[in-house]
Amino acid sequence: MDKKWWHHLTAYQIYTRSFCDSNGDGIGDFQGIISKLDYLQELGVGAIWISPFNDSPNYDNGYDISDYYAILKDFGTTEDLEELVKECEKRDIIVMMDLVLNHSSNEHPWFLEAAKDRDGKYHDYYIWEEGTEDQPPQGEGAFFGGNVWEWTPQIQEYYYHTFSIQQPDLNWKNEDMRKDLYAMIRYWMEKGIRGFRMDAIDNIVKNGHGGNDQQSEKIHTYLQEMNKYSFGLQDNLLTVGETGGTTLEMAKVYSDPERKELDMVFQFEHVENGNGDYGKWTTEKYDFKEFKNIMIKWQEELAGKAWNSLFLGNHDQPRSVSRFGNDNPAYRDISAKMLATCLHMMQGTPYVYQGEELGMTNVYFDKLEDYRDIESLHYFTELTETGRLTPEYMMKCLMLRSRDNARTPMQWDTSASAGFTTGEPWIKVNPNYRQINAADQLKDPDSVFHYYQKLIRLRKEMDIIVYGEFEALYRDHDQIFAYTRKLGSEKLLTVCNFSAQEAEMELPETFTEGAQCLITNMGRKVFDRKIILNPYEAFVLYKK
Ligand code: TEU
Ligand code: CA
């Protein structure tokens, strides 16, 4: 694998709205981010991916863009963004922008024009189908509401939307539309943006039967074109595609450096494991062995061919410690560190979601009125009104799986609203901020924060973590996730106990003598041949 400037870095995802509010309006903003850059520098991250910051009516918190060139007023101005980029440069951090190119807002001027006039230039920027008001075309259910087809009385046509009614899909078959998007990307590159996360990018090709063709060859053609006319023009950018439907085979194609598409993609197999009849709306826990197999498979299969992205949480997922670890106060910190160990010693680029580095947990709102997320509110209505799930059961699902779990304000300190805002936060703060917050953890050398800091530093310093060959151990064990990495004569062993019970293991021969412990979440000092792992224990041994 050819070496790339970004191979040693760890990225950090900022959900701006919930990160830090500088002016007391209850909404996080750019000046808030700027005020926390020293914190991020101390953590050691090399990139920040910021959630969409373009103008938007915010039906889906910015994932519905009404002006690709303007900054959402809640977040600040273009000057604030420029200042953010500059301040990041000083700290060796690149700013990655979230590009929402599968759809725009229904308030985007393109759409307003398109919905007025069948013969106008912008009509073809979206996807239309004739029909009558009571007879929509054939189509699947939309992600956040109703059918994918929505009626427009004024021109007697249906438009297509993968997500909510307020998010009409752009028509990628239209070359003018594509060129307008590429020009927009170049505009942000000139503003100093050094990376892009491509939202829902494998939805841009439709299958002609009211659905998306996430396996289409055409997606690759468009990505190559986009690469050529925008981010590929500079070699100092970093790109990652959000590809919810990607298979291993597709991922290899997307991120094959030779093909000039994307640097890497987010795959979702590991976070979708355990889904049921109604997708993620279930109270079932994830299946550890399946999870492990999926993680191993991606490590093995992409090795030498393409690059992995590594994540356990983001703004669409519940908090990783609540989901894959154990957020009971007795195990919270330990299991958060264990999960981080498991992920950060793998090959690929780790993405830390804001607050994960503190071990922030699910908020478990038990009142529907506390939820803000369009997806949660939509599915609550749809699944309970059709009688598929009872309201009581659906509330339990929301508590475990709602995207709002990840969207409560960042917990900075013990002051009111966790130091996130001096005003009224747009979504309630998790009351556990008195126990879990950045200020306390910065003072404590054993905190989850300092553990992440160490993992991030190790990746920066050690080639073996970046390039070492991966080999899984204990594949069938139902508590232990263990693997080695090898680079030349160097060897690395990662051991994690994913359970609340002790687990017995034997150290591989090579590591029984002369190995150095790089990191441990329990301060283990003795590494005998036979080891009884404590609940959620993790360690990494290194041998030269
Ligand atoms: O998500 C795409 C996507 O497929 C998600 O709907 C995901 O499967 C779901 O949220 C899991 O519950 C992206 C963004 O990350 C998300 O925040 C947006 O709502 C969505 O696109 C539409 O832009
Ligand atoms: Ca604000």
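The present account deals with the structure reproduced in this document.

### Details of the overall build of the protein chain
Then step 1. Along its length, the protein chain carries 16 helices and 20 strands.
Then step 2. Here the C-alpha atoms of the protein chain give a radius of gyration of 23 Å, agreeing with the 24 Å that 2.2 N^0.38 yields for 544 residues.
Then step 3. Considering only intrachain contacts with a sequence separation of at least 6, the fraction spanning at least 24 residues in the protein chain is 71%.
Then step 4. On the protein chain, roughly 21,100 Å² of surface is accessible, and the fraction owed to carbon and sulfur atoms is 46%.
Then step 5. The average position of the 58 basic charges and that of the 89 acidic charges among the side chains of the protein chain differ by 6 Å.

### What about the site of ligand 1?
Then step 1. As a matter of local geometry, ligand 1 sits amid 16 residues, with Asp-60, Asp-199, Lys-280, Asp-316 and Glu-375 nearest to it.
Then step 2. Separating an oxygen atom of ligand 1 from a side-chain N or O atom of Lys-280 is a distance of 2.4 Å.
Then step 3. One of the side-chain nitrogen or oxygen atoms of Asp-316 is found 2.5 Å away from an oxygen atom of ligand 1.
Then step 4. A total of 490 Å² of accessible area belongs to ligand 1 in isolation, and the protein chains cover 91% of it.

### Here we look at the pairing of strand S8 (residues 157-160)
Then step 1. With burial as the criterion, each face of S8 is covered, one bearing Glu-157 and Tyr-159 and the other bearing Tyr-158 and Tyr-160.
Then step 2. Note: strand S6 (residues 128-130) against S8, three bridges, orientation antiparallel. What sits directly across from Glu-130, in S8, is Glu-157.
Then step 3. Where strand S7 (residues 149-152) and S8 come together, four bridges link them in antiparallel fashion. Opposite Trp-151, over in S8, you have Tyr-158 as the bridge partner.

### Let's talk about the side chain of Thr-10
Then step 1. Here Thr-10 lies in the segment before strand S1 (11-14).
Then step 2. With residues up to four places along the chain from it excluded, the contact list for Thr-10 reads Val-45, Gly-46, Ala-47, His-344, Pro-350, Val-352, Ile-456 and Arg-459.

### Describing the sheet that holds strand S18 (residues 516-520)
In any sheet, the strands associate via hydrogen bonds between backbone groups, in a parallel or an antiparallel arrangement.
Then step 1. Pairing is antiparallel in the open sheet, where five strands are placed in the order S14-S15-S16-S20-S18. Edge positions in the sheet fall to strand S14 (469-473) and S18, since each has one partner strand and no second. Neighbour to neighbour, the strand axes of the sheet diverge by 20° on average, direction disregarded.
Then step 2. The sheet strands contacting helix H11 (residues 332-344) are strand S15 (480-487), strand S16 (490-497), S18 and strand S20 (538-543), and the helix crosses S16 at an angle near 145°.
Then step 3. Against the sheet, helix H15 (residues 448-461) makes contact with S18 and S20, and its axis sits at roughly 135° relative to S18, the strand it touches most.

### Observations regarding the coordination of the calcium ion (ligand 2)
Six octahedral donors around a metal ideally make angles of 90 or 180 degrees; four tetrahedral donors ideally make 109.5 degrees.
Then step 1. At the metal site, the calcium ion (ligand 2) is ligated by Asp-21 (OD), Asn-23 (OD1), Asp-25 (OD), Ile-27 (O) and Asp-29 (OD), and these contacts range over 2.3 to 2.4 Å.
Then step 2. Considered as a linear motif, the donors of the calcium ion (ligand 2) on their single chain read D-x1-N-x1-D-x1-I-x1-D.
Then step 3. Take Asp-25: its relative accessible area is 36%, and that puts it in the partly exposed class.

### With respect to the sheet that holds strand S9 (residues 195-198)
Then step 1. Taken in spatial order, the eight strands make up an open sheet running S11-S10-S9-S5-S2-S1-S13-S12, and their pairing is parallel. Sheet topology places strand S11 (264-266) and strand S12 (309-310) at the edges, where each strand pairs with a single neighbour.
Then step 2. When S12 meets strand S13 (residues 349-353), the two strands line up parallel, connected through two bridges. Directly across from Leu-310, in S13, lies its bridge partner Pro-350.

### Topic: the packing of aromatic side chains
Then step 1. Under the definition given, this model contains 43 aromatic pairs.
Then step 2. Between Trp-172 and Tyr-222 the ring centres are 5.6 Å apart and the planes differ by 50°, which places this aromatic pair in the tilted class. Remark: Tyr-222 occurs in helix H6 (residues 217-229) and Trp-172 occurs in the loop between S8 and helix H5 (175-190); sequence separation between them is 50 residues. Each member of the pair Trp-172 and Tyr-222 is classed as buried.
Then step 3. In this structure an aromatic cluster arises from ring pairing among Tyr-286, Phe-288, Phe-291, Phe-324, Phe-470, Phe-481, Tyr-483 and Phe-498.
Then step 4. Above the ring of Trp-426, the side-chain terminus of Arg-17 is found at 5.3 Å from the ring centroid.

### Things to note about the pattern of salt bridges
Then step 1. Applying the stated rule across the entire model yields 36 salt bridges.
Then step 2. In this structure, Arg-118 and Glu-157 form a salt bridge, with 3.6 Å as the shortest nitrogen-oxygen distance. Placement of Arg-118 in the loop between helix H4 (109-114) and S6 and of Glu-157 in strand S8 is noted, with a sequence separation of 39 residues between them.
Then step 3. Judged by its relative accessible area of 34%, Arg-118 is partly exposed.
Then step 4. Here Lys-297 and Glu-269 are joined by a salt bridge, their closest N and O atoms 2.9 Å apart. Taken together, the residues Lys-297 in helix H9 (residues 288-302) and Glu-269 in helix H8 (residues 269-272) connect sequence positions 28 residues apart.
Then step 5. The class for Glu-269 is partly exposed, based on a relative accessible area of 27%.

Parameters at a glance
- Residues numbered from 1 in each chain as written.
- Chains lettered and ligands numbered in written order.
- Predicted model: local features only at pLDDT ≥ 70, side-chain atom pairs only at ≥ 80, totals over all residues.
- Heavy atoms only, no water.
- Helix = DSSP H or I, 4+ residues; strand = E, 2+ residues; numbered from the N terminus.
- Rg over C-alpha atoms; globule rule 2.2 N^0.38 Å.
- Contact = heavy atoms within 4.5 Å.
- Areas by Shrake-Rupley, 256 points an atom, 1.4 Å probe, with all protein chains shown as cover.
- Lys, Arg positive; Asp, Glu negative; His and termini not counted.
- Charge placed at Lys NZ, Arg CZ, Asp CG, Glu CD.
- Near = heavy atom within 4 Å.
- Polar contact = N/O pair within 3.5 Å; in protein donor to acceptor, adjacent residues only side chain to side chain.
- Buried < 20%, exposed > 50% of the residue type's maximum accessible area, 1.4 Å probe, protein only.
- Pairing = 2+ DSSP bridges.
- Axes fitted to C-alpha atoms, helices over the stretch in contact; angles between N-to-C directions.
- Donors = N, O, S within 2.8 Å, 3.2 Å for Na, K, Ca; no water.
- Phe/Tyr/Trp six-rings, centres within 6.5 Å; stacked < 30°, edge-to-face > 60°.
- Lys NZ or Arg CZ within 6 Å of the ring centre and 35° of its normal.
- Salt bridge = Lys/Arg side-chain N within 4 Å of Asp/Glu carboxyl O.

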